[in-house]
Amino acid sequence: MTQASDPRIETLLAHGPGRDAASGGVVPPIQPSTTYFRNEDYALAADGHLYGRDDLPIPADLDALLARLEGVADAIALPSGMAAIAAVFRAVPRGATVLIQSGIYWGTTGFLRQFCPKNGLGMVEVDATDAAMLAAAIAREKPHLVFLEVPSNPWLRVADIEAAAQAARAAGALLAVDATVATPVHMKAASLGADIVVHSATKALNGHSDVLAGVVASDHVEADWWHAIRGERRQAGAMLGPFEAWLLIRGLRTLALRAERMAANAQAIAEFLAGHSKIEAVHYPGLKTHPDHALAISQMTGGFGGLLSFQIRGDAAATLAVAGRLELITRATSLGGVESLIEHRQSVEPPETGMPENLLRLSVGIEHVDDLIADLNNAFAAI
């Protein structure tokens with residue numbers, strides 16, 4: 001039986017960091033001070049607080065909540081999802097090799113293609129959705145770090161985390177997983193074998209399109225590489241401010257409800273699109289026709305996330321005409337918010353990525369699903 005000290009995820013999130021003992025408030029206060037006074041003997045006066053870059057109270061509460069959410073020993077919040085990814089790769093020693101999943105979020109791939117050679121790292125990209133190919137690449141390259149994105153963005157492919165973890169351990173490598181699309185509600189990557197879990201908390205964790213934040217979490221709190229990652233915040237100053245931390249805590253309170261609704265909406269929309277005559281292909285792991293559907297079922301619980309992509313039967317002009325006719329679904333970058341957003345990925349990626357001209361990425365929000373389907377159906381009349 002679950003005890004009060006070990007609540008289920010919905011209860012954990014609803015209560016957040018708990019009550020404020022000083023005031024009795026059920027909502028945590030914001031302490032914006034960047035520095036803290038000392039007593040006459042120059043001892044730190046209040047709970048050892050020294051300076052804002054080190055240990056602001058609200059970010060510390062957020063860290064503890066994020067660690068419990070992921071089911072690991074430690075977590076840190078950083079100013080963005082890319083800051084979180086950068087912190088992980090800056091902890092890789094010079095001269096090492098990193099193995100990166102291909103076909104993931106272009107912001108990550110583009111950054112790493114520049115970062116790795118500038119910082120003395122070898123970089124190998126591989127199709128991680130082929131478990132045998134991935135294992136062979138890990139054994140051959142002997143990387144220091146393997147980096148996956150599960151499910152991937154925008155193709156929604158699902159790599160086998162347990163198989164990747166086994167191959168990584170055999171080669172003495174670390175496994176990092178960006179689980180932004182899944183959220184900890186649907187998948188806990190650390191329980192599947194990931195050494196490091198990364199999130200862009202800007203997305204579903206916050207869920208309201210008003211905070212930039214990132215998360216890195218791990219169980220390996222004594223490892224030198226974890227201390228190096230943590231050092232990105234303290235020594236390098238990649239600190240999340242108190243107001244952003246407070247907003248993220250507030251957003252997290254409803255994460256379980258939002259994730260459940262978004263996943264249910266996305267499933268219904270994916271099934272609608274899959275049967276539509278003007279749609280060429282739908283990419284969503286909740287569909288039985290998806291190549292990774294069985295694996296997604298084994299790794300994810302309670303749904304398959306709120307992100308999907310689909311391809312129009314037509315060229316770029318037809319695809320943009322569909323996006324342009326949408327009235328409820330907003331044409332904007334990002335994902336995971338309460339409002340549904342659509343993006344023509346080819347318009348925001350460089351030509352070398354080979355993104356199809358007819359692909360639209362849809363981040364499904366918490367609106368009534370019938371309204372979203374009606375909006376899409378109306379837009380398809382444009383072609």
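Source: prediction; values computed, not measured.

(A) Inspection of helix α4 (residues 81-90) at higher detail. Along α4, 7 of the 10 residues are buried, which leaves the element largely enclosed by surrounding structure. For α4, the set of buried residues is G81, A84, I85, A86, A87, V88 and F89.

(B) Representation of the packing of aromatic side chains within the structure. Under the defined criterion, the tally for this structure stands at 6 aromatic pairs. Between W225 and W226 the ring centres are 6.5 Å apart and the planes differ by 85°, which places this aromatic pair in the edge-to-face class. We classify W225 as buried; its relative accessible area is 16%. Centre to centre, the rings of F272 and F380 are 6.4 Å apart; their planes meet at 20°, and the pair counts as stacked. Taken together, the residues F272 in helix α11 (residues 255-274) and F380 in helix α15 (residues 369-380) connect sequence positions 108 residues apart. Every member of this aromatic cluster is reached through a ring pair, and the members are F272, F310 and F380.

(C) Spatial organisation of a nonpolar patch on the surface. Residues L44, L50 and Y51 make up a contiguous nonpolar surface patch of roughly 240 Å² in combined accessible area. Along the polypeptide, Y51 turns up in the loop between α1 (9-15) and α2 (52-55).

(D) Layout of the nonpolar core. In this structure, L148, L175, I269, L308 and F310 are the most contacted members of the largest nonpolar core, which totals 54 residues. In terms of residue count, α15 provides more of this core than any other element does, 6 residues in total. The residues that make up this core include at least three from each of domain 1 (9-250) and domain 2 (255-381). Apart from the residues lying within four places of it in its own chain, the contact partners of L148 are Q101, A128, L134, A159, A164, L175, A176, V177 and D178.

(E) Representation of the side chain of D292. Structurally, the position occupied by D292 is in the loop between β8 (279-283) and α12 (293-299). Overall, D292 belongs to the buried group, its relative accessible area being 6%. Beyond its immediate chain neighbours, meaning those up to four positions away, D292 contacts T129, R157 and V158.

(F) Here's a closer look at the domain arrangement of the protein. Its domain assignment divides the protein into domain 1 (9-250) and domain 2 (255-381). Just the C-alpha atoms count here: the centres of domain 1 and domain 2 sit 26 Å apart. On the domain 2 side, the residues contacting the 33 residues of domain 1 number 39 residues. The largest per-residue losses of area from domain 1 upon contact with domain 2 belong to W106, W155 and H186, which jointly make up 26% of the total buried on that side. Applying the counting rule to domain 1 against domain 2 returns 1 salt bridge. With its nearest N and O atoms 2.6 Å apart, the salt bridge here joins R157 to D292. Between domain 1 and domain 2 we count 14 residue pairs in polar contact (both at pLDDT 80 or more) in total. When residues in the side of domain 1 that touches domain 2 are grouped by element, the largest group, 3 residues, is from helix α8 (residues 183-186). Within the side of domain 1 that touches domain 2, the residues separate by chemical class into 19 nonpolar, 9 polar and 5 charged.

(G) Spotlight on the sheet that holds strand β12 (residues 359-363). Judged by pairing direction, the sheet is mixed, and its 5 strands sit side by side in the order β8-β9-β12-β11-β10 without closing on themselves. Pairing within the sheet leaves two strands with one partner each, and these edge strands are β8 and β10 (330-331). Where strand β11 (residues 341-344) lies against β12, 4 bridges are found, and the strand directions are antiparallel. Note on β12: the bridge partner recorded for E343 is R361. In this fold α11 packs onto β8, β9 (307-312) and β12, with an angle of close to 15° to the strand it touches most, β9. Each of β9, β10, β11 and β12 is contacted by helix α13 (residues 316-325), which is oriented at about 25° to β12, the strand it contacts most.

(H) Up close: the side chain of H290. Residue position: H290 is located in the loop between β8 and α12. For H290, a relative accessible area of 7% corresponds to the buried category. If we skip the residues at most four places from it in the chain, H290 touches W155, L156, R157, H283, Y284 and P285.

The rules behind each value
- Residues numbered from 1 in each chain as written.
- Predicted model: local features only at pLDDT ≥ 70, side-chain atom pairs only at ≥ 80, totals over all residues.
- Heavy atoms only, no water.
- Buried < 20%, exposed > 50% of the residue type's maximum accessible area, 1.4 Å probe, protein only.
- Helix = DSSP H or I, 4+ residues; strand = E, 2+ residues; numbered from the N terminus.
- Phe/Tyr/Trp six-rings, centres within 6.5 Å; stacked < 30°, edge-to-face > 60°.
- Patch = residues over 30% accessible without salt bridge, like charges linked within 9 Å, V, L, I, M, F, W, Y side chains within 5 Å.
- Areas by Shrake-Rupley, 256 points an atom, 1.4 Å probe, with all protein chains shown as cover.
- Salt bridge = Lys/Arg side-chain N within 4 Å of Asp/Glu carboxyl O.
- Core = buried A, V, L, I, M, F, W, Y, C linked by side-chain atoms within 4.5 Å.
- Domains from an automatic or database assignment.
- Contact = heavy atoms within 4.5 Å.
- Buried area = accessible area lost by both parts, 1.4 Å probe.
- Polar contact = N/O pair within 3.5 Å; in protein donor to acceptor, adjacent residues only side chain to side chain.
- Nonpolar A, V, L, I, M, F, W, Y, C, P; charged D, E, K, R; others polar.
- Pairing = 2+ DSSP bridges.
- Axes fitted to C-alpha atoms, helices over the stretch in contact; angles between N-to-C directions.

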